Structure formats: structure tokens, C-alpha cells
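# Close look at the chain arrangement
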Amino acid sequence: MNINETITCPSCRLVGAVIDKRYVTVHNGHRVLLRCQACGVRFSETYGTPMEHLKSSISKVSLAIRMRDEGMGLRATGRVVGSHKNTIAEWEERFAGQKETLMLYGLCHEFLRLTFEGDELYTIIGKRTDPSQSSGWTAIIMERGSRFLVDQRCGKKDGKLFKDVMKGVCRFVRQTNDFSFFSDGERRYGQTLFELCSEVLKTGKRGRPRHVLPKGVKVRIKNKGSQKHKRGPKRPKYQAPQPEHPETVQDVRDQEIHANHLEGQNAATRRRNSAFRRRTNTYAKMTEGLQRTLDVHLITHNFVRRHWTTGEVPAVKLGFQKAPLTVEAILRMKKAA
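Here is a short report on the structure shown in this document. (Residues numbered from 1 in each chain as written. Predicted model: local features only at pLDDT ≥ 70, side-chain atom pairs only at ≥ 80, totals over all residues. Heavy atoms only, no water.)

With seven of seven residues buried, strand β6 (residues 137-143) lies mostly within the body of the structure. Alternating positions in β6 separate into two faces, W137, A139, I141 and E143 on one and T138, I140 and M142 on the other, with burial throughout. Sheet analysis places strand β5 (residues 114-122) next to β6, joined by seven bridges and oriented antiparallel. Among the inter-strand pairings, E117 is bridged to a residue of β6, identified as M142. In this structure, β6 lies alongside strand β7 (residues 149-155), joined through six bridges in antiparallel fashion. Following the sheet pairing, T138 is matched in β7 by C154. Between β6 and β7, which follow one another and run antiparallel, lie five residues, and R147 among them has a positive phi close to 65°. (Buried < 20%, exposed > 50% of the residue type's maximum accessible area, 1.4 Å probe, protein only. Helix = DSSP H or I, 4+ residues; strand = E, 2+ residues; numbered from the N terminus. Pairing = 2+ DSSP bridges.)

This part is about the packing of aromatic side chains. By the definition in use, this model includes 10 aromatic pairs. On the numbers, 5.8 Å between centres and 65° between planes, the contact of F43 with Y47 is edge-to-face. Between F148 and F303, the ring centres sit 6.0 Å apart and the planes meet at 85°, which makes this aromatic pair edge-to-face. Residue F148 is located in the loop between β6 and β7, and its partner F303 is located in helix α8 (residues 287-304); the two are separated by 155 residues in the primary sequence. Here the two residues F148 and F303 agree in accessibility, since each one is buried. Feature note: the residues F111, F116, F172 and F179 constitute an aromatic cluster, connected by ring pairs. (Phe/Tyr/Trp six-rings, centres within 6.5 Å; stacked < 30°, edge-to-face > 60°.)

Direction vectors running N to C along helix α3 (residues 85-96) and α8 enclose 55°, while the axes themselves pass 9 Å from each other. The angle between α3 and α8 falls in the class oblique. Every pair of crossing elements has a handedness; the one defined by α3 and α8 is left-handed. For the pair α3 and α8, the contacting residues are A89, E92, E93, F95 and A96 in the first and R292, T293, D295, V296, I299 and T300 in the second. Split by residue class, the contact of α3 with α8 holds five nonpolar, two polar and four charged. (Axes fitted to C-alpha atoms, helices over the stretch in contact; angles between N-to-C directions. Parallel < 35°, antiparallel > 145°, perpendicular 65-115°, else oblique. Left-handed = near helix turned anticlockwise from the far one by under 90°. Contact = heavy atoms within 4.5 Å. Nonpolar A, V, L, I, M, F, W, Y, C, P; charged D, E, K, R; others polar.)

With respect to topology, six strands assemble into an open sheet ordered β7-β6-β5-β8-β11-β12, the strand pairing being mixed. Bordering the open sheet on either side are β7 and β12 (238-239), each of which pairs with just one other strand. Pairing between strand β11 (residues 217-222) and β12: two bridges, direction antiparallel. When the bridges of β12 are listed, I221 appears paired with Q239. On the sheet, helix α7 (residues 260-272) packs against β5, β6, β7 and β8 (179-184) and is oriented at approximately 45° with respect to β5. Strands β6 and β7 of the sheet are contacted by α8, whose axis makes an angle of about 170° with β7.

For the structure shown, the criterion picks out 24 salt bridges. Note that D184 is salt-bridged to K224, the shortest N-O span being 3.9 Å. Of this pair, D184 sits in strand β8 while K224 sits in the loop between β11 and β12, and the two are 40 residues apart along the sequence. Residue class for D184 comes out buried when judged on its relative accessible area of 11%. The exposure class assigned to K224 is exposed, which follows from its relative accessible area of 52%. Each of the salt bridges in this network shares a partner with another, and the network as a whole consists of K99, D151, R153 and D295. (Salt bridge = Lys/Arg side-chain N within 4 Å of Asp/Glu carboxyl O.)

A few words now on the side chain of S180. Along the chain, S180 falls in strand β8. Among the residues examined, S180 registers a relative accessible area of 1% and is labelled buried. Other than its neighbours up to four places away in sequence, S180 contacts L114, T115, F116, K218 and V252.

Structure representation (C-alpha cells):
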């Protein structure tokens, strides 16, 4: 019996287990029962994975996930695979729970240069209301070169939404020496990033020290539309909304300040996510359900599916993953502790 040095015991939380028994399941073929060497507790190899306590076959669950990611609704997917829509939603919830585990790969990698784009997407949740009061806004952050989605968060278009989505961006700021962030018109991306990771610049002069963005971080905004109807001074078409570090290299051209790549990605999201294109009064019933579908889309987009432009999986293109993952492999993956 070989010792598995990576599996944690669910009882004593110690690492190290041995194979205690092999058994045959009705739907999932052969499985292994493990035994902890310290306390003697026995547990299945699916412990800590999305497949834990599921009797459905992994092929059926992965098929449902792929169908949902191709734009099919919950009821339509349930009719095809022969399961209730609530069961499909539970499988999605389990699969979406792997988001934090998979994103840890990127946060453990060092990058030379990163360019991020920020944009918003809108759909209807519950009853039709004024967009300013709706919870159907989705803030999306994407790395330009690899098309890697850093995060997708839905909710009301307020400060909390932008703060939640920009927290992931701040983690990547610490992993690179040359960081650029671009958006079309929405100034709160830059403001939130400044609030989360600004630093004090001490010049030795009297007075209050100036707060600036970290060295190497550049934020640019493209102000779209005419400003002739606005009173007072007009904003420039391209601008840096927050003060940057004086030692930051200023090598950003005006032609680079846009979110066109993310606009193209938003069009793909509308095709693949039924909550953004259903022709009814209710596109999504609850914010939680919309966020679940966004997390599933983020996982498959970043780690499973090849991008139509780059020809590579975004995580592989970004350099911290050697080969694409499969939906089945993610369903078998242990969750991060």
C-alpha cells in the first residue's frame, strides 16, 4: 500500500494516508477508500472534491457543465441529461467552488508585464427596474495579452462592486513590475485601485506626503462621447485619473488606451451565458445564480477552452499552466484548504 503524502485526513487534519480498499460504484467505476495512518479514519478519494457525496457519474456532471457553458438554460440542460434543474444548479455550484483553488496558480507566479482592461456588462435580475437600481451589473477584468479573466463580479453598480472586483487586481500588482490598467470612461476602477494599493511618497519636503500609485503601475482612462453639453472645463479624451509614481516609465501610447478586447469578450459572454440573452422579462432570477454562472464561465474560459484569437488556453498563454485542464480533471481536484 502506497502512502499518499498530499491528502489531508478529514478527522485529524494530518497529511498521509494509505489505500485501505478498492470498490466498484454503480456509475463511477472503480474507486479507492483511504485510511489515515494517524487516527485510522477511512474516507473516499473524492473527499474534498466537487464530486464528494455525488452518486451521478462524473461524465454526466461534466456534460451538464459544458452544456451550460455553451448557453443552454437550466431546464433545457436538465431535459437533455435527465436530471432536475435544481440538481444542475447544485453541480454548477460545486464546480464554481473551484474558482479560488485554480486562481491560486496565477497568484504564485511572477510576471514581467501585465496589461488589464476593465468594463461592465448588464442584464436583468428579477423584475425590470431602472439600471441604476438593478443588481444585474457585472464588472469584468481581463488581461489583454492572454485574455485571462481576473474576475467577474455582479451586483449593483456601486463602490462595493468595484472594490470587490479590484481586490483580485491588487494581488497581481504585487506579482509584476510593469502593470497597466485601461478602461473606457468608468473612473471608479482607477479610484478603487488607488484606494487599495496606493503608497506614500516621501520627498523630504515639508507638508503632508503625497499618495501615489505603486512604482510601475499605470492607470489610463478613455473618456468616450462628446462633452459639448457639459459646463465647465472638459476632460481630455485620454487621461491618468490618479497620480502615478515619478519613477514609473511612461510608455503608454494613446492608441493603447481602450477596452476593445474586453468588449469582444463581452459579446462572447452574451452568447454563452443564457442569463444575458434570454428573450423574457426575467434574464436571471437572483444575483447568486448569476454569479454562479459567471464563475463557471471564468473557470472554463481561463483553464479549459482555447481562446478563438490566441489559439491557446488563457492560463497557458499567461505562462503559469503547461497544458489545458479538462472539466473532469477540475471535478476531481481537491479544494484549497
